[in-house]
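# Tertiary structure, described
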Amino acid sequence: MKANDNSEKNILHPRNLHRDRYDFEKLISNCPELKVFVSINKHGIETIDFSNPLAVKTLNKALLQTYYDIQNWDIPKNYLCPPIPGRADYIHYIADLLAETNNGIVPKGNSVLGLDIGTGANLIYPILGYCIYDWSFVGTDIDKKAIENCSKIIENNPRLIDAISLQQQTESRFIFKNIIIPEDRFTFTMCNPPFHASAEEANKSASRKVSNLKEKRNTNPVLNFGGHNAELWCNGGEIGFVTQMIYESAKYASQCLWFTTLVSKKENLSSIYKILKKVNAVSVKTIDMAQGQKNSRIVAWSFLSEAEQKMWKF
C-alpha cells in the first residue's frame, strides 16, 4: 500500500507548480505510458527510477502534458532531458527580477522577450516561459539536430509558433555574436552552460550521480538526464563559457535589460564577479536556487542604470 505523502518541496519557488510530490495518478491519466515506470519505493512512496533515462523522459512528457498542455514532446536519444521543476524555478526567479523595476508586478505577455542560449533539443525554457507568463523567446543552439527537434516540438504545438523562434549559432566560439542584431532588444537572456571541461570529466560526474541514485557503484554510467557533448562540456568548462558570455554581453550593453546564467559551481563565483567588475556591469545579483540535493544559483547582470532599468518598456 502506498503512503500518502503530500509534503512540500519547499525549497522550490513559491509559484512553482511542482512544490508537492508528483501526483502520479494524475500524470498517468494524461500520459498512460508513464505507468510502467512507476513503482513503490522502500518508504512506501510512489516514484520512478531516476537513473533510467527513458523513465525520466516519460515523466517530463507527462508533466508537460498535464500542467502546460504541451503535446507530442520528445527529444532524440542521448540529448539532455532536463528536470522540469528546477527549470521552472529559473523562469520564476527571472520573473521576480523583472518585477523589481516594474513596481513589484511580474510583467506578462509577448512584449517580454527572452533569449535562451543553448536551448538544446528540449526547448524547455521557452516552453515554460511562454506557458507560465506568456513571454516570447528566441532559442539558440550550435547543434543543427537540436534546432530541428525544437522546430518539430513547435509544429506539434501550434500555439508556440508565434511565441518562439529559433536560430542556429553557426560559430561555436561565439555566444551572442550572429544572434543579437542591432535592432534587437531583449528583456533578458538565460543560459544553462556546459559545466564540465571535458568528456572525461562529464563521464566521471555521471558515474557519481548514477551511483548515488542506485546506492551502489556503477561502472557503466548512463546519464539519467541524457546530454549531448555540447550540452555537457566545453573547453574551459563552466567558468570558460560564462567568462566568454560576460565579455560578449558588454558589446550589447544597451540591447538587453538583464543578462543571466546558471552557475552550478559555487567556487566559480569570485572569478565571475571580478570579470563583471572589469566589464563595468552596473548591477549584479546572485539568486540562490535549490532542488533536492542540488544547490545552484543564477547570476544576473545589467549595464543599465537603475533609472534606465525602470524606464524599460515591457
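Notes on the structure follow. (Residues numbered from 1 in each chain as written. Predicted model: local features only at pLDDT ≥ 70, side-chain atom pairs only at ≥ 80, totals over all residues. Heavy atoms only, no water.)

## Re the packing of helix α8 (residues 237–249) against helix α9 (residues 269–278)
To keep things clear, this is the line we draw: A fitted line through C-alpha atoms serves as each axis, taken over the contacting stretch for helices, and the angle formed by two N-to-C directions is quoted from 0 to 180°. In this text, helices come from DSSP runs of H or I with a minimum length of four residues, and strands from runs of E with a minimum of two, each type numbered from the N-terminal end. An angle below 35 degrees is treated as roughly parallel, one above 145 as roughly antiparallel, one from 65 to 115 as roughly perpendicular, and anything else as oblique. In a left-handed crossing the near helix is turned counterclockwise from the far helix by less than a right angle, and in a right-handed crossing that turn is clockwise. Throughout, a contact is declared for two residues whenever any of their heavy atoms are within 4.5 Å. In this classification, the charged set is Asp, Glu, Lys and Arg, the nonpolar set is Ala, Val, Leu, Ile, Met, Phe, Trp, Tyr, Cys and Pro, and all remaining amino acids, among them Gly, are polar.
Running from N to C, α8 and α9 cross one another at 15°; their axes reach a closest spacing of 10 Å. One way to sum up the angle between α8 and α9 is to call them roughly parallel. In terms of crossing hand, the pair formed by α8 and α9 is right-handed. Here α8 contributes I239, V242, T243, I246 and Y247 to the contact with α9, which in turn contributes S271, I272, I275, L276 and K278. Looking at the contact of α8 with α9 residue by residue, the classes come out as seven nonpolar, two polar and one charged.

## Here we look at the pairing of strand β7 (residues 256–263)
The following threshold applies: Each residue is placed in one exposure class: buried if its accessible area under a 1.4 Å probe, protein chains only, is under 20% of its type's maximum, exposed if it is over 50%, and partly exposed if it falls in between. Two strands form a pair only when DSSP identifies at least two bridges running between them.
The element β7 is largely enclosed, with a buried count of eight among its eight residues. When strand β6 (residues 186–191) meets β7, the two strands line up parallel, connected through three bridges. When the bridges of β7 are listed, F188 appears paired with W258.

## Description of the environment of Y90
Relative to the helices and strands, Y90 is located in helix α3 (residues 84–99). Distance in space between the C-alpha atoms of Y90 and I287 is 9.5 Å, their sequence separation being 197 residues. When residues no more than four places from it in sequence are discounted, the contact partners of Y90 are Y125, M190, C191, T260, T261, L262, M289 and I298.

## Some thoughts on the nonpolar core
A general tendency of soluble globular proteins is for nonpolar side chains to be buried together. Counted only if it meets this: Buried Ala, Val, Leu, Ile, Met, Phe, Trp, Tyr and Cys residues that are joined via side-chain atoms within 4.5 Å together make up what is termed a nonpolar core.
Core analysis: the largest hydrophobic core is formed by 61 residues, its most contacted members being F24, L34, W73, W135 and F188. Counting residues per element, this core draws most heavily on α3, at 10 residues. With residues up to four places along the chain from it excluded, the contact list for F24 reads L34, V38, E46, T47, I48 and L59. One finds I175, C191, M245 and V263 within the second-largest nonpolar core, a separate group that totals 26 residues.

## With respect to the sheet that holds strand β5 (residues 164–168)
Note: strands within a sheet are paired through backbone hydrogen bonds, in either parallel or antiparallel orientation. Strands sit in the order β5-β4-β3-β6-β7-β9-β8 across an open sheet of seven strands; the sheet is mixed. Both outer strands of the open sheet, β5 and β8 (283–291), are each paired with one neighbouring strand and no more. Adjacent strand axes in the sheet meet at a mean angle of 20°, parallel and antiparallel pairs treated alike. Pairing between β8 and strand β9 (residues 294–302): nine bridges, direction antiparallel. If you follow D288 over to β9, its bridge partner there is R297. Relative to β8, α3 is tilted by about 150°, and along the sheet it contacts β4 (136–141), β6, β7, β8 and β9. Contacting β4 and β5, helix α5 (residues 144–156) runs over the sheet at an angle of about 165° to β5.

## As for unusual backbone geometry
Residues other than glycine seldom take positive phi values, yet D69 does so here, at roughly 55°. You can see D69 is positioned in the loop between α2 (53–68) and α3. A relative accessible area of 45% places D69 in the partly exposed class. Phi is positive for D134, close to 65°, though the residue is something other than glycine. With respect to the helices and strands, D134 occurs in the loop between α4 (124–133) and β4.

## Some details on the pattern of salt bridges
Counted only if it meets this: Every case where a carboxyl oxygen of Asp or Glu lies within 4 Å of a side-chain nitrogen of Lys or Arg is listed as a salt bridge.
In this structure the tally under the stated criterion is six salt bridges. A salt bridge links E306 to K310; its shortest N-O distance comes to 3.6 Å. Linking E306 with K310, this pair stays in helix α10 (residues 306–311), spanning four residues, or about one helical turn. You'll find E306 and K310 in the same group, each marked exposed.

## A few points about α9
At 3.6 residues per turn, the α-helix brings residues three or four places apart onto the same side. To be explicit about the condition: Here the arc refers to the set of directions running from the helix axis out to each C-beta atom.
Within the span of α9, buried status applies to L269, I272, I275 and L276. The buried residues of α9 occupy one face: seen down the axis, they fall within an arc of 125°. Opposite the buried face of α9, at more than 90 degrees from it, the exposed residues are K274, K277 and K278. Backbone geometry just downstream of α9 places N280 in the positive-phi region, at approximately 65°.

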